[in-house]
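Here are the chains, one letter per residue:
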Amino acid sequence: MIARPSQPEESEEQAEARDKAANLIEALPWLSRFHGRTVVVKYGGNAMINEELRVRFAESIVFLYYAGLRPVVVHGGGPQINAMLDRVGVESTFTAGLRVTTDEAMDVVRMVLTGQVNREIVGLINQHGPFAVGVSGEDADIVQAERKQVEVDGETTDIGRVGEIREVTPGPVSALIGDGRIPVISSVARADDGGVYNVNADTAASALAVALGAGKLIMLTDVEGLFADYPDNTELISRLDADELRALLPSLSSGMLPKMEACLRAVEGGVPQAHIIDGRVPHSLLLEVFTDQGVGTMVADAELEAALLRGNGHLPRTQRHQQTDQTIGEAQ
């Protein structure tokens, strides 16, 4: 009987290389699933102000691009706006959780979002190649809005140049995508009075995802996702359908509510999957898109998701049915 030759002992470097190859193979079904699909990413929170996370975010967006996806970045810039308002001595107050935006404050908001934050994001991405093109929601009337009114103590209150999105014109963004670019869009909208409005970046990302027929909407934030019975229970809700989320909305914190409403509107508008993920984790974007487990909380439409998954041999993430009277963790 001829003895089989023994396998050579594997070095530490070879073991690491094998693990990397296994991780790449795990990503294969998801590469197939989303190749050529538009993915809208709302960028905000600590991922926008921490220098290392900013660099990692840009790398992740470029990785999506090279992997054959079509990323679109939508951003706000609350901390940067606050800093600039303080620097120039413009008073800023909040009503019903929204910034009261005077004409003077709007000039600062527009300057910071379009002239500072947008350019910084474009610059970070373009360190890897001439991919990103920065635009404002007001350019070519991409995002059009009407004046937003809020109720405070039962009375309608004017909060200045804050807009409610009325319409999205996706053509200019689609043209950039078709030209092989990565659109980076600031959350400033064309106003119905001919000026501009500040609009919620979560809402803008959701509306653009619907208008572009995106395969996925991903919202980067400063929490892991939704938790069941927080703080007594820190088990993450990994998946919800639209009906479950709709039932939970009244119990959400003021910080998480607009994000989950944006996810719900995206799924109701035809986006198969919408996610809340922790932008404080480096490359969390890639963990969500290219791994079997995913991260954060996913809101999905089963039928749309099944059509997206068809043919790649993968099943959706296991659905967890939650009680509708849960307390959900506060957004940071």
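Just so you know, these numbers come straight off a predicted model, no measurement behind them. (Residues numbered from 1 in each chain as written. Predicted model: local features only at pLDDT ≥ 70, side-chain atom pairs only at ≥ 80, totals over all residues. Heavy atoms only, no water.)

## Details of the packing of aromatic side chains
Applied cut-off: Ring geometry is summarised as follows: Phe, Tyr and Trp rings, the Trp one being its six-membered ring, pair when their centres sit within 6.5 Å, and such pairs are stacked at plane angles under 30 degrees, edge-to-face over 60 and tilted between the two. Type-normalised accessible area, obtained with a 1.4 Å probe on protein chains alone, sets the label of each residue: buried when under 20%, exposed when over 50%, and partly exposed for intermediate values.
Scanning the model with the defined rule gives 4 aromatic pairs in all. Between the aromatic rings of tyrosine 65 and tyrosine 66, the centroid separation amounts to 5.9 Å while the plane-to-plane angle is 70°, which identifies the pairing as edge-to-face. Here tyrosine 66 falls in the exposed class, since its relative accessible area comes to 58%. One aromatic cluster in this structure is built from Tyr65, Tyr66 and Phe131.

## Let's talk about empty space enclosed by the protein
To keep it simple, the criterion reads: A 1.4 Å probe that fits but cannot get out identifies a cavity on a 1 Å grid over protein atoms alone, an open set with protein on both sides within 12 Å along at least five of seven lines counts as a pocket, and a residue lines either if it has an atom within 4 Å of a point. Grid points are joined across faces, edges and corners, and a volume is the space filled by probe spheres set on the points. Every helix listed is a DSSP run of H or I at least four residues long, and every strand listed is a run of E at least two residues long, numbered separately from the N terminus. Three classes are used, and their members are as follows: Ala, Val, Leu, Ile, Met, Phe, Trp, Tyr, Cys and Pro are nonpolar, Asp, Glu, Lys and Arg are charged, and the others, Gly among them, are polar.
Scanning all chains against the criterion turns up 1 cavity of 30 Å³ or more. When its volume is computed, the largest cavity comes out at roughly 70 Å³. Lining the largest cavity are Ala47, Leu53, Arg56, Phe57, Ser60, Leu220, Gly279, Val281, Pro282, His283, Ser284 and Leu285. Every element with two or more residues in the lining of the largest cavity is listed here: helix H3 (51-66) and helix H10 (284-290). With 4 residues, the top contributor of residues to the lining of the largest cavity is H3. When grouped by side-chain class, the residues that make up the lining of the largest cavity number 7 nonpolar, 4 polar and 1 charged.

## Let's talk about the side chain of aspartate 202
Our working definition: N or O atoms within 3.5 Å of each other form a polar contact, as long as, within protein, one can give a hydrogen and the other can take it, and as long as residues adjacent in sequence are counted only when both atoms are side-chain atoms. Any two residues whose heavy atoms approach within 4.5 Å at even a single point are treated as in contact.
Following the sequence through the fold, aspartate 202 ends up in helix H7 (residues 201-211). In terms of polar contacts, aspartate 202 uses its side chain to reach the side chain of lysine 259, at 3.3 Å. Among all residues touching aspartate 202, those that are not within four sequence positions of it are Lys42, Met219, Pro258, Lys259 and Ala262.

## Concerning the confidence of the model for the protein chain
To be explicit about the condition: Known as pLDDT, the predictor's per-residue confidence is scaled from 0 to 100.
In this model, the protein chain carries an average pLDDT of 84, and 84% of its residues clear a pLDDT of 70 or more. Throughout residues 311-332 the model reports pLDDT below 50, and contacts reaching past four residues in sequence, or to other chains, amount to 68 contacts.

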